[in-house]
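Spelled out, the chains give:
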Amino acid sequence: MPPTLGLLLAAAAAVLLLLLPPPPSAGAQETCWSGPAPRRGAWMSVASFGARGDGQTLNTGAFARAVARIARRRGARGGTLLYVPPGVWLTGPFNLTSHMTLFLARGAIVRATQDTSSWPLIDPLPSYGRGRELPGGRYMSLIHGHGLQDVFITGENGTIDGQGGVWWDMWKKRTLPFTRPHLLELMYSTDVVVSNLVFQDSPFWNIHPVYCSNVVIANLTVLAPHDSPNTDGIDLDSSSNVCVEDCYISAGDDLISIKSGWDEYGVAFGRPSSGITVRRITGSGPFAGFAVGSETSGGVEDVVAEHLSFSGVGVGVHVKTNSGRGGFIRNVTVSQVTLDGARYGLRIAGDVGGHPGASYNASLLPVIDGVAVRNVWGRNVRQAGLIRGIRDSVFSNICLSNVKLYGIGSDSIGPWRCRAVSGSALDVQPSPCAELASTSGTGFCT
Ligand SMILES: *[C@@H]1O[C@H](CO)[C@@H](O)[C@H](O)[C@H]1NC(C)=O
Ligand SMILES: *[C@@H]1O[C@H](CO)[C@@H](O)[C@H](O)[C@H]1NC(C)=O
Ligand SMILES: *[C@@H]1O[C@H](CO)[C@@H](O)[C@H](O)[C@H]1NC(C)=O
Ligand SMILES: *[C@@H]1O[C@H](CO)[C@@H](O)[C@H](O)[C@H]1NC(C)=O
Ligand SMILES: *[C@@H]1O[C@H](CO)[C@@H](O)[C@H](O)[C@H]1NC(C)=O
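Criteria and cut-off values
- Residues numbered from 1 in each chain as written.
- Chains lettered and ligands numbered in written order.
- Predicted model: local features only at pLDDT ≥ 70, side-chain atom pairs only at ≥ 80, totals over all residues.
- Heavy atoms only, no water.
- UniProt positions renumbered as here; feature names shortened; annotations may be inferred.
- Helix = DSSP H or I, 4+ residues; strand = E, 2+ residues; numbered from the N terminus.
- Rg over C-alpha atoms; globule rule 2.2 N^0.38 Å.
- Buried < 20%, exposed > 50% of the residue type's maximum accessible area, 1.4 Å probe, protein only.
- Contact = heavy atoms within 4.5 Å.
- Areas by Shrake-Rupley, 256 points an atom, 1.4 Å probe, with all protein chains shown as cover.
- Domains from an automatic or database assignment.
- Buried area = accessible area lost by both parts, 1.4 Å probe.
- Salt bridge = Lys/Arg side-chain N within 4 Å of Asp/Glu carboxyl O.
- Polar contact = N/O pair within 3.5 Å; in protein donor to acceptor, adjacent residues only side chain to side chain.
- Nonpolar A, V, L, I, M, F, W, Y, C, P; charged D, E, K, R; others polar.
- Near = heavy atom within 4 Å.
- Core = buried A, V, L, I, M, F, W, Y, C linked by side-chain atoms within 4.5 Å.
- Expected span 1.5 Å × (residues − 1).
- Disulfide = S-S within 2.5 Å.

- Under an unreviewed UniProt entry, the name given to the protein is Pectin lyase-like superfamily protein, and the source organism is Zea mays.
- A UniProt comment under Sequence similarities (unreviewed entry) is attached to the protein, and it reads "Belongs to the glycosyl hydrolase 28 family."

See the structure below:
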């Protein structure tokens, strides 16, 4: 079969797969996105822009030329699919454009160059005021989008490999000049699907939609060593209407976290994360399985996370903020969680994470109103949980129900510790702290 025909068939098969209706009921799972995949009117292979999948050739220019060509079509006849054939495609960072599908074939690896000096710097995010790690700008992500609409980043389980080791070493040796790059960052974008891919060895956070709406993230494998610094799996930041499902994540920091900017910069920018669904996530890592925070200065609300299964994590569910953050965390429900191996089952804490400046505005106090944690079963958990508010602020409507946590092997589990919080607890093992009076609660908790 001539290669072009093979590629056409592969692309057609992928589109067909996405067009198939979901299997009929009988326990059919809810999915984030079941609409038809865009039938792109044109497709191009990155190989026809001079790229070589030999693992040696630097293909940054070829990716940029391909994307520029797609941008010139301006979405004509349904946009364009950019096909990345099997092979190892070494590249520096490149931008995406609107109305495109970046499609990684089975066996395609888009691999980041280790020449860190060639990575462009971009402005800090307005809601962070500076790079997250260091003052000033930050390195552009390997795959980057700004102000886009209608973008699919998908494939047949192809891989996006950040080769992050060089960056982790710079972090360890304290020789980083600026904040490390993400593997994929999309800013100010809407109607985005990221699916059916492997992300590995990100220099910093793996996947970072920020100031986005209508985002679907599904069927991903995200891998980074547990000792790789700050390799968060998926960080949803100041974004709305986001759905994440069916991902396996094993990484060096929080597996999934919901954020909305940092201290006074996040408060001033004022863009919350809201309308977030997270479900069917499994994984492991040294920090949180599922987190909200700690950067929540623009507010986080209307979050549902369910069917989470973590083994060997630091904290099963971690809701974290700090004095100086301001913002709010409201209407967050986490349910159907299984844990096997955790230092803490649950933490809700008002003293986590650093500040962008040497001093912070202590009158910017965060408020938590409504965090429900239901139907949790965990074993090999060292301590049940820590639920600690901030004096002078309000952490209320923290509701636990049917939360059953057991110790390591036959050891008994460490108790709940609470302070400056209120809420309710029903059917909780070990027995809950007095701050969560054992009542059915009122309002949010009922
Ligand atoms: C990416 O796009 C931005 C505009 O959104 C532009 O400023 C930047 O130069 C582009 N970077 C590269 C590497 O193409
Ligand atoms: C995708 O690749 C990952 C890593 O090799 C593997 O664990 C996963 O099962 C694959 N998924 C599919 C659907 O083939
Ligand atoms: C994820 O995989 C499932 C099962 O293969 C498929 O039905 C679903 O459409 C995929 N999701 C996306 C967004 O591609
Ligand atoms: C809480 O969030 C859920 C999920 O987004 C939403 O359906 C519900 O309407 C919200 N409740 C309130 C009172 O806003
Ligand atoms: C600290 O925050 C408060 C509340 O928003 C504000 O009124 C005050 O001006 C801020 N102080 C400084 C020094 O920025």
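## Regarding the overall build of the protein
Stage number 1. When its secondary structure is counted, the protein shows 4 helices and 25 strands.
Stage number 2. What you see for the protein is a C-alpha radius of gyration of 22 Å, in line with the 22 Å of a compact globule of 446 residues.
Stage number 3. Along the first, second and third principal axes, the C-alpha set of the protein runs to 70 × 55 × 40 Å.
Stage number 4. By the burial criterion, 56% of the 446 residues in the protein qualify as buried.
Stage number 5. Counting contacts in the protein only where the partners sit at least 6 residues apart, residues at least 24 apart contribute 77% of the total.
Stage number 6. Roughly 17200 Å² of accessible area belongs to the protein as shown, and the carbon and sulfur atoms make up 53% of that amount.

## Topic: the domain arrangement of the protein
Stage number 1. Entries for the protein in the domain assignment read domain 1 (1–20 + 59–253) and domain 2 (283–446).
Stage number 2. Distance between the C-alpha centres of domain 1 and domain 2: 31 Å.
Stage number 3. Domain 1 puts 11 residues into the contact, and the matching count from domain 2 is 8 residues.
Stage number 4. Here domain 1 meets domain 2 over a buried area of about 810 Å², counting both sides, of which 43% is carbon and sulfur.
Stage number 5. Taken as a group, Arg 132, His 226 and Asp 253 account for 45% of the area that domain 1 buries against domain 2, more than any other trio of residues on that side.
Stage number 6. Counting every contact that joins domain 1 to domain 2 gives 1 salt bridge.
Stage number 7. A salt bridge links Arg 132 to Glu 295, with the nearest nitrogen and oxygen atoms 2.5 Å apart.
Stage number 8. At the surface where domain 1 touches domain 2, the tally comes to 5 residue pairs in polar contact (both at pLDDT 80 or more).
Stage number 9. A per-class count over the side of domain 1 that touches domain 2 returns 5 nonpolar, 3 polar and 3 charged.

## A word on the site of ligand 2
Stage number 1. Inspection of the region around ligand 2 gives Asn 157, Val 198 and Thr 221 as its neighbouring residues.
Stage number 2. Taking Asn 157, its side chain carries an N or O atom lying 2.4 Å from an oxygen atom of ligand 2.
Stage number 3. In the complex, 34% of the free accessible area of ligand 2, which totals 360 Å², lies under the protein chains.

## With respect to the nonpolar core
Stage number 1. In this structure, Leu 82, Phe 199, Val 244, Phe 290, Ile 387 and Trp 416 are the most contacted members of the largest nonpolar core, which totals 101 residues.
Stage number 2. Composition of this core by domain shows at least three residues from each of domain 1 (1–20 + 59–253) and domain 2 (283–446).
Stage number 3. Within the second largest apolar cluster, 8 residues are counted, among which are Leu 125, Met 187, Val 210 and Tyr 211.

## Things to note about the side chain of Ser 141
Stage number 1. Relative to the assigned elements, Ser 141 resides in the loop between strand E8 (138–139) and strand E9 (143–146).
Stage number 2. At a separation of 2.8 Å, a polar atom in the side chain of Ser 141 contacts the main-chain carbonyl oxygen of Ile 143.
Stage number 3. At 3.3 Å, the side chain of Ser 141 forms a polar contact with the backbone nitrogen of Glu 185.
Stage number 4. Residue contacts for Ser 141: discarding those within four places in its chain leaves Pro 93, Trp 119, Pro 181, His 182, Leu 183, Leu 184 and Glu 185.

## Some details on helix H2 (residues 60–73)
Stage number 1. Taking 1.5 Å of rise per residue, the 14 residues of H2 would be expected to cover 20 Å, and the 20 Å separating its terminal C-alpha atoms lies within 8% of that figure.
Stage number 2. If you follow the buried residues of H2, they end up packed against strand E1 (42–45), strand E2 (80–84), strand E3 (87–91), strand E4 (94–95), strand E5 (100–104) and strand E6 (108–112).
Stage number 3. Downstream of H2 by one or two residues, Arg 74 has phi in the positive range, about 50 degrees.

## What to know about the state of the cysteines
Stage number 1. For the structure on display, the rule yields 3 disulfides.
Stage number 2. Bridging Cys 399 to Cys 445, the disulfide has an S-S length of 2.3 Å. Disulfide Cys 399 to Cys 445: torsion about the S-S bond roughly -80 degrees, handedness left-handed. In this pair, Cys 399 is assigned in strand E23 (residues 395–405) and Cys 445 in the segment after strand E25 (423–429), connecting sequence segments 46 residues apart.
Stage number 3. Owing to a relative accessible area of 3%, Cys 399 belongs among the buried residues under this scheme.
Stage number 4. Look at Cys 445 and you get buried, because its relative accessible area is 10%.
Stage number 5. Two residues, Cys 418 and Cys 433, share a disulfide whose sulfurs are 1.7 Å apart. Here Cys 418, found in strand E24 (residues 414–419), pairs with Cys 433, found in the segment after E25; they are 15 residues apart in sequence, far enough to count as distant. For the pair formed by Cys 418 and Cys 433, the shared burial category is buried.
Stage number 6. Taken N- to C-terminal, the disulfide-bonded cysteines of the protein are connected 1-2, 3-6, 4-5.
Stage number 7. With no disulfide of its own, Cys 212 lies closest to Cys 243 among cysteine sulfurs, the gap being 15 Å.

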